[in-house]
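# Commentary on secondary and tertiary structure
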Amino acid sequence: MSSTVTTQASKSPPRPQAPVGPRLIRWGVTLIILIPFIWGALGLEISPGRIARAPELVWNIVSAMFPPDWSILGRSMDKMLESLYIAWVATIIGAMFSFVFGFLAATNMAPRWIATPIRALLSAIRAFPELVLAIMLIPAFGLGAFTGTLALGLHSIGTLGKLTSEVIEGIDEGPLEAMKSAGGTKLSTIRFGVLPQAMPNILAYWLYRFEINVRASAVLGIIGAGGIGADLFSFLKFRDFPQAGMTLLVVMVTVLLIDGVSGAVRRRIISGEPGKGPVSKLMGLVRTPRPAPQQ
Amino acid sequence: MTGPAEITTFEITPSERPAPPPRSGPFFVVVLLIGLGFGVGGIISGGAGVVWGLTGGVLAATALRWRGQSSHPVDALAVVFASALGLGWSGWALGERGSSVEGTTALLAAVGWLLPGAAIGFVVWRHSRRLRLASVLVSAVGWALAAFFVFLWAEGLGAVESLSRTAVQAGEIVELTGTFYATTGFFIALIGAGVTFALLVGSPALVAVAGSITFTLFAASQIGFSLIKVTSEIDKLNILAQEFWPPEWTWPNLTGQPAENQILEPMVETMQIAVVGATVGCLIALPLAFLASKMTTFNLPTFWGSRFFMNVIRAIPDLFYAMIFVSAVGFGSPFAGALAMIMFSLGIMAKLLSETVDGIEPGPLEASRATGARHSQVVQYSAMPQVLPNYVAYALYIFELNIRASVVIGIVGAGGIGRLLDEQRVFFQWDRVMAIVIVIWVSVILIEAVSVTVRRRLV
Amino acid sequence: MIEFDRATVIYPGGLKALKDISLTIEDGEFVVVVGLSGAGKSTMLRVINGLVPLAEGSVKVNGQEVRGAAAGDLRDIRSDIGMIFQTFNLVNRSTVINNVLAGRLSMVPRWRSTIGLWPKADVEVALQSLERVGIVDKAYERASNLSGGQQQRVGIARALAQEPELILADEPVASLDPVTSHMVMRDLQRINRELGITTLINLHFLDLARAYGQRLIGLRDGELVFDGDIADVDEDVFRGIYGRAITPEDLLDAAGT
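Residues numbered from 1 in each chain as written. Chains lettered and ligands numbered in written order. Predicted model: local features only at pLDDT ≥ 70, side-chain atom pairs only at ≥ 80, totals over all residues. Heavy atoms only, no water.

### A word on the sheet that holds strand β2 (residues 16–25) of chain C
Residue and element names in this part refer to chain C.
- The four strands lie next to each other as β2-β1-β4-β5, forming an open sheet whose pairing is antiparallel. The open sheet has two free edges, formed respectively by β2 and β5 (64–65), since each of these has just one partner strand.
- Sheet topology places strand β1 (residues 2–10) next to strand β4 (residues 56–61); five bridges connect them, and they run antiparallel. Each residue of the ladder has a partner; that of Glu3, found in β4, is Lys60.
- Against the sheet, helix α1 (residues 41–48) contacts β1, β2 and β4, and its axis sits at roughly 120 degrees relative to β1. (Pairing = 2+ DSSP bridges. Helix = DSSP H or I, 4+ residues; strand = E, 2+ residues; numbered from the N terminus. Contact = heavy atoms within 4.5 Å. Axes fitted to C-alpha atoms, helices over the stretch in contact; angles between N-to-C directions.)

### Topic: the sheet that holds strand β3 (residues 30–34) of chain C
All names here are of chain C.
- Read across the sheet, six strands follow the order β6-β7-β8-β3-β9-β10 without closing on themselves; strand pairing throughout is mixed. Each edge of the open sheet carries a strand with a single partner, namely β6 (81–84) and β10 (223–229). Going across the sheet, the axis of each strand differs from the next one's by a mean of 15 degrees, ignoring polarity.
- Strand direction decides the pairing type here: β3 and strand β9 (residues 215–220), joined by four bridges, are parallel. From the neighbouring strand, Val33 faces β9, where its bridge partner is Ile217.

### Structural notes on the interface of chain B and chain A
- With 76 residues of chain B at the interface, the matching set in chain A holds 67 residues.
- Between chain B and chain A lies a buried interface of about 6600 Å² when both sides are counted; carbon and sulfur atoms form 77% of it.
- Sorting the residues of chain B by area buried against chain A places Ile223, Phe320 and Phe335 of chain B first, and these three jointly supply 10% of that buried surface.
- Between the two partners, chain B and chain A, sit two salt bridges.
- Residue Arg126 of chain A pairs with Glu448 of chain B through a salt bridge whose shortest N-O separation is 3.1 Å. (Buried area = accessible area lost by both parts, 1.4 Å probe. Salt bridge = Lys/Arg side-chain N within 4 Å of Asp/Glu carboxyl O.)

### Some points on the confidence of the model for chain C
- Mean pLDDT for chain C: 87, with 98% of residues reaching 70 or above.
- Strand β7 (residues 166–169) of chain C holds the highest mean pLDDT among the elements of chain C, 93, whereas helix α10 (residues 252–256) of chain C holds the lowest, 62. (pLDDT = per-residue confidence, 0-100.)

### A few points about the interface of chain A and chain C
- The interface is formed by 13 residues belonging to chain A together with 19 residues belonging to chain C.
- Carbon and sulfur atoms supply 53% of the area that chain A and chain C bury against each other, a total of about 1300 Å² over both sides.
- Along the contact surface separating chain A from chain C lie two salt bridges.
- Here Glu124 of chain C makes a salt bridge to Arg15 of chain A, at a shortest N to O gap of 3.0 Å.
- Seen at the junction of chain A and chain C, the total is two residue pairs in polar contact (both at pLDDT 80 or more).
- Taken together, the residues that form the side of chain A that touches chain C break down as seven nonpolar, five polar and one charged. (Polar contact = N/O pair within 3.5 Å; in protein donor to acceptor, adjacent residues only side chain to side chain. Nonpolar A, V, L, I, M, F, W, Y, C, P; charged D, E, K, R; others polar.)

### Topic: the packing of helix α17 (residues 363–370) of chain B against helix α18 (residues 375–406) of chain B
Residues and elements named next belong to chain B.
- In contact at an axis separation of 9 Å, α17 and α18 are set at 165 degrees when each is read in the N-to-C sense. Comparing their axes, α18 and α17 come out roughly antiparallel. Here α17 and α18 pass one another in a crossing that is right-handed. Every residue of α18 that contacts α17 at Pro364, Leu365, Ser368 and Arg369 is listed here: Val378, Ser382, Ala383 and Gln386.
- Class assignment of the residues belonging to the contact of α17 with α18 gives a composition of four nonpolar, three polar and one charged. (Parallel < 35°, antiparallel > 145°, perpendicular 65-115°, else oblique. Left-handed = near helix turned anticlockwise from the far one by under 90°.)

### Here we look at helix α9 (residues 178–201) of chain B
Residue and element names in this part refer to chain B.
- In this model α9 runs 34 Å from its N-terminal to its C-terminal C-alpha over 24 residues, within 8% of the 34 Å that 1.5 Å per residue would give.
- In terms of burial, α9 is a largely internal element, 21 of the 24 residues being buried.
- At the exit of α9 stands Gly202, carrying a positive phi of roughly 85 degrees. (Expected span 1.5 Å × (residues − 1). Buried < 20%, exposed > 50% of the residue type's maximum accessible area, 1.4 Å probe, protein only.)

### Quick look at the pairing of β2 of chain C
All names here are of chain C.
- Note that β1 and β2 share six bridges and pair antiparallel. Paired with Glu3 across the strands is Thr24, a residue of β2.
- Turn length for the β1-β2 hairpin, with the two strands adjacent in sequence and antiparallel, is five residues, and the turn residue Gly13 shows positive phi of about 110 degrees.

### Examining the packing of aromatic side chains
- With the rule as written, the count across this model stands at 19 aromatic pairs over all chains.
- Here Trp88 of chain A and Phe210 of chain A contribute two aromatic rings whose centre-to-centre distance is 5.4 Å and whose plane-to-plane angle is 85 degrees, an arrangement assigned as edge-to-face. Taken together, the residues span a long stretch of sequence, with Trp88 of chain A in helix α3 (residues 73–105) and Phe210 of chain A in helix α8 (residues 186–220) at a distance of 122 residues.
- For Trp88 of chain A, a relative accessible area of 18% puts it in the buried group.
- Look at Phe148 of chain B and Phe149 of chain B: their rings are 5.4 Å apart centre to centre, the planes differ by 65 degrees, and that puts the pair in the edge-to-face class.
- Here the aromatic cluster, defined as three or more aromatic residues joined through ring pairs, consists of Phe38, Trp52, Trp113, Trp143 and Tyr181 of chain B. (Phe/Tyr/Trp six-rings, centres within 6.5 Å; stacked < 30°, edge-to-face > 60°.)

### Things to note about α3 of chain A
- The first and last C-alpha atoms of α3 of chain A sit 45 Å apart over 33 residues, in line with the 48 Å expected at 1.5 Å per residue.
- Maximum bend of α3 of chain A: about 30 degrees, positioned at Ser98 of chain A. (Bend = angle between axes of the 7 residues up to and from the residue.)

### Brief notes about the environment of Ala315 of chain B
- Tracing the chain through its elements places Ala315 of chain B in helix α14 (residues 300–315).
- With 29 residues separating them along the chain, Ala315 of chain B and Phe344 of chain B place their C-alpha atoms 9.8 Å apart.
- In contact with Ala315 of chain B, other than residues within four places in its own chain, are Arg215, Val251, Met252, Val255 and Leu256 of chain A.

### Digging into the nonpolar core
- Counting residues in hydrophobic clusters, the biggest one holds 196 residues, and the most contacted among them are Phe320, Leu353 and Ile417 of chain B together with Leu130, Leu188 and Leu216 of chain C.
- Ignoring sequence-local partners within four residues, the contact set of Leu130 of chain C consists of Val96, Ile97, Val100, Ile135, Val136, Ala139 and Ala157 of chain C.
- Formed by 44 residues, the second largest nonpolar core is a distinct cluster that contains Phe27, Val30, Leu94 and Phe187 of chain B. (Core = buried A, V, L, I, M, F, W, Y, C linked by side-chain atoms within 4.5 Å.)

### Examining the side chain of Thr254 of chain A
- Its place among the elements puts Thr254 of chain A in helix α10 (residues 241–271).
- The contacts of Thr254 of chain A, once residues within four sequence positions are left out, are Met80 and Leu84 of chain A.

This is how it looks when you write it as structure tokens:
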């Protein structure tokens, strides 16, 4: 123990000046947010009067929707199911193709001359909103769910491809090096080095994309590309508000349900822990906890 | 044997090795083979249930034996016998009706599948001892349930597609074909065996994969999306090139005069909608996110309340908001679009930010709570600085999303370039649509590039 | 003055962290609390400012009951108690001065803290607190750019900025190296002597406790097993608190070298 060397702080260092930089940055950021906002608000002719009136107008519509018209529940559910099918098939299309594209676009898997153009292709696909893609496909494939599915699937390839390649680029390279040095082939490196690391995240992204696709497929009907969107569009257009309310309710409940289930599964996949949910409890009932030694 | 060779033989006590945990790979092969077995059986039998069961059962027993799940001839006999008996019943129940399958028929036919399910479960249990007797029951019920749903969905699975739908709906009696028995058998086995072996492996992955395949095929057939259709329609893509190219950049407006900037002006309006929506939405999201995180919320009712509110907002797609607001404040109004974008941004930002707040360090919160600060001060001085960079990055990301979303809300009359798109679309002016789409596409790519660069610098 | 009267804490899950503690701490005392980890040291400090609620008994700070105090009263009690943490609990992304100003949050009007318009007097208090621990030159740097010892001094300055009557220090040196530990302990001792602030410190290093403490409180499994002057403390007393012989791990200067 070093004794009484420092009876410090009797003489304090001089006080520094408050720096100007942070304050300037704060003002700068405020302006960067404020100026475009004012520009936008002016361009949209948003006046205080309109804002003040808006809640009442919206409330009128919402209160006209409830109570909803339960008689069309069956029809709405059928249409919602069609939207779900579209979302599911589109997600599968997206997952299958993006899996391949993801590897090709990852710089640690593919050579640069392949990865760069694939990346450009993926972001080019991504830049088309789903609905715009659907509009562009209509002249070839006509109105209907087929067109909607293709459009959603294409867009999913773009988004999932990017996410997959990012997951693959983010993996730990150590095990890959170990496998290469042990004489593994490219394919075996992917199977035993890349997939175990990347697959949970990729799977979670697939599920996440499904959640998004359910929302997207619900609106495809607006342009006649299948699903429940057409219903809501026409109900609102002809001011059949109770029917519109029912349609909206079905969409909301479905989306909430799917989000809940998919979110729980995603958390489970990412954490890798055995779940505590009812399914896992059921599994525990029928399985013996520890395997008996075999003869 | 010489000395050195003997040195290398270690004494190994077998009891020290733990039994390897089951892996899902081999079982997946078994699942597929069993499915194939019942499929082949279905084609051969064409409705003769006993033949169906016999062939399926033989292949199932072979697959089990090949993967080491059964070793005794009695096991094989049990599976084959149970399959023949059960599917004999099933085939009889289906054959009696011979048209599209209704609920009662499906239930009656599904009962037969209890037998092969139970037999396979029993064999696996007897051999591996990893399961309990109860799992045999679960396996049997799993197979029967799979059968019930598959029979109900058989039309959707494409098995009855050769029949005209209207004929079925009209109630005309149509013979169920070999394809029906093949596809239903295949998919029942896929799900049923998936359940059985998922029990054994202890992971639901097999059920998930088998279920996903089945559901995909079902969903695809429901929306008329089959591989055949894709391959036969793919050459129609030529039409796209003819219709869309070359783009037409200007066209006379409604008064008949050539207009200037008729694409760019609505695009600017779209950007304004996106900016206003993102700014207001992200601002409102700030308090909501802190209320919806366990770290910074007041109490449990507030927490659950704001979480529910947040999820409900997110549950409504952006275009639905646009439609509702258009009905409320008037058609063609960009104000409605801005309102829709506010709700859209609010939902996403609240979700992303509250998840980030969940992960902040609790220490600084405790420290300022210990100084006697009020709740709002604790949040502002200890939680806010921790999430600020994420908040800015999310805001930019949401602005990007808003651009993409606000180009389409015009389709339902909420202002911006979408309205232009819709006007030209309904008159099949595809060359003009092309010009609009190019403008949209370039803007989206440019803004994304800028936003990504800024975000990368930030975090 | 702090009065514990049969204070008992039960955590959700049934763990009794504090059992029937009764003692009194007079103004201006420098008290060291020792015990193994899990003995209830942190809990004992946290019931004083109400961060952990009491299950039974009572704790009074200057005659004011902490148990069951209304939110506003609890804030008043807390505003007079400075707290120092093992992991410093600074907001890493904020500047040092902002971290210290957090100590004055309970004393400024809410609108002022919301827009960050601090009264001159409060900024002055914060700067003086920093001067007292000798790191005012770092005032406008990010907290994360400071070394561990400096960060802990910011923590002390934050407590001082409250102009407290009492300082609670929860293992203040457990994340620091031996040399810095002694410096921080001397800072705390000096503040106690110069300003007369009552100080309670949790420690698990016995030599530090002996070197700086006046009064020593020993906890074992949530029970009070020793309370007396540091001069009366010998090997046997420590053995009674720890339930085993002293090992080098219990001594800072032995463990550090």
